[in-house]
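Results of the structural survey
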Amino acid sequence: MEDFIKKIDEKATAKGKGVLLLWQILKFLVVSCMATIIQLVLVNVLHNSMKNITTPITGFLAKIFTEQTMGVGNTTWGYILPWFLSNLIANIYGYIQNRITTFRSDSPWWCMVIYIFLLIALILFSTWLQGVIFNACTKVDITLVSKLAPTIAAMSAGTLQFVVLFPLQKYLFFKKTSRE
């Protein structure tokens, strides 16, 4: 399979930057779908297993994740951690897979360290956004929507992350290398 993808990479590169960009977006989307599956499974498993942890969030996080935006009872570690952890794990997988497959980069290890710091800021925002969307979905008087609230919230935030992460990875962390 890797040889097949490498041949397509070579053909896309030969056709020019525009075709190569479209091919990379397609590969990034495939990786993002795999990361999304990982995240959706994790957010639902973690949400169901941690919902009884009712220790309130403290410090600056308590100012971000308020009951007004997150909903009553949703400002606890048992509520916030599933969103954050599932997102972090899925995006680290995506970073590694995109480095290897999408951009064929040999970027140094410190790029991942910087990426993780930027990712944490994005995930905090996405976690907040997921909470807002989850809260809105649970208030809808449609059973299916409220049951799928974790999935709907995670997918919405994932779309935002795609828009931010593709250019970040392509133009900052995985610039053209000798392998591309």
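Now for a quick tour of the structure. In this text, all values refer to a predicted model and were calculated from it rather than measured experimentally.

What follows covers the pattern of salt bridges. Within this structure, the stated rule accounts for two salt bridges. Between lysine 27 and aspartate 9 there is a salt bridge; the shortest N-O distance is 2.6 Å. With lysine 27 in helix 2 (residues 17–50) and aspartate 9 in helix 1 (residues 2–15), the pair connects residues that are 18 residues apart, well separated along the chain. Aspartate 9 shares its class with lysine 27; the two are buried. Two residues, arginine 104 and aspartate 9, come together in a salt bridge whose shortest N-O distance is 2.4 Å. Linking arginine 104 in the loop between helix 5 (77–102) and helix 6 (109–139) with aspartate 9 in helix 1, this pair joins segments that are 95 residues apart in sequence. For the pair shown, arginine 104 and aspartate 9 are each scored as buried. Among the ionic contacts, a cluster of salt bridges with common partners joins Asp9, Lys27 and Arg104.

By convention here, two paired aromatic rings are described through the distance between centres and the angle between planes. In total, this model carries 14 aromatic pairs according to the counting rule given. Seen in terms of ring centroids, phenylalanine 103 and phenylalanine 166 are 5.8 Å apart; in terms of plane orientation they differ by 45 degrees. Their pairing is tilted. Here phenylalanine 166 lies in helix 8 (residues 149–173) and phenylalanine 103 lies in the loop between helix 5 and helix 6, a separation of 63 residues in the sequence. Phenylalanine 166 gets classed as buried once you look at its relative accessible area, which sits at 7%. Ring-pair connections join several aromatic residues into one group, and the members of that group are Phe28, Tyr95, Phe103, Tyr115, Phe162, Phe166, Phe173 and Phe174.

Right, let's talk about the nonpolar core for a bit. Ranked by internal contacts, the top residues of the largest apolar core, which has 17 residues, are Phe65, Tyr79, Ile80, Trp83 and Phe134. Looking at this core, the elements that each hand over two or more residues are helix 2, helix 5, helix 6 and helix 8. Ignoring anything within four residues of it in the chain, the contact list for tryptophan 83 reads Val43, Thr127, Gln130, Phe134, Pro150, Ala153 and Ala154. In this structure, Phe28, Leu88, Tyr115 and Phe174 belong to the second largest nonpolar core, which totals 15 residues.

Moving on, we come to the packing of helix 2 against helix 8. Contact geometry for helix 2 and helix 8: axes closest at 9 Å, N-to-C directions at 145 degrees. In this structure, the crossing between helix 2 and helix 8 has a hand that is right-handed. Where helix 2 abuts helix 8, its residues Leu21, Gln24, Ile25, Phe28, Leu29, Ser32, Gln39, Leu40, Val43, Asn44 and His47 lie against Pro150, Thr151, Ala154, Met155, Phe162, Leu165, Phe166, Gln169, Lys170 and Tyr171. Residue classes in the contact of helix 2 with helix 8 are distributed as 13 nonpolar, seven polar and one charged.

A surface patch of nonpolar side chains, about 780 Å² in accessible area, is lined by Trp109, Trp110, Val113, Ile114, Phe117, Leu118 and Leu172. Sorting elements by how many residues they give to the nonpolar patch places helix 6 first, with six residues. By secondary structure assignment, the location of leucine 118 is in helix 6. Look at leucine 118 and you get partly exposed, because its relative accessible area is 40%.

What counts and how
Residues numbered from 1 in each chain as written. Predicted model: local features only at pLDDT ≥ 70, side-chain atom pairs only at ≥ 80, totals over all residues. Heavy atoms only, no water. Salt bridge = Lys/Arg side-chain N within 4 Å of Asp/Glu carboxyl O. Helix = DSSP H or I, 4+ residues; strand = E, 2+ residues; numbered from the N terminus. Buried < 20%, exposed > 50% of the residue type's maximum accessible area, 1.4 Å probe, protein only. Phe/Tyr/Trp six-rings, centres within 6.5 Å; stacked < 30°, edge-to-face > 60°. Core = buried A, V, L, I, M, F, W, Y, C linked by side-chain atoms within 4.5 Å. Contact = heavy atoms within 4.5 Å. Axes fitted to C-alpha atoms, helices over the stretch in contact; angles between N-to-C directions. Left-handed = near helix turned anticlockwise from the far one by under 90°. Nonpolar A, V, L, I, M, F, W, Y, C, P; charged D, E, K, R; others polar. Patch = residues over 30% accessible without salt bridge, like charges linked within 9 Å, V, L, I, M, F, W, Y side chains within 5 Å. Areas by Shrake-Rupley, 256 points an atom, 1.4 Å probe, with all protein chains shown as cover.

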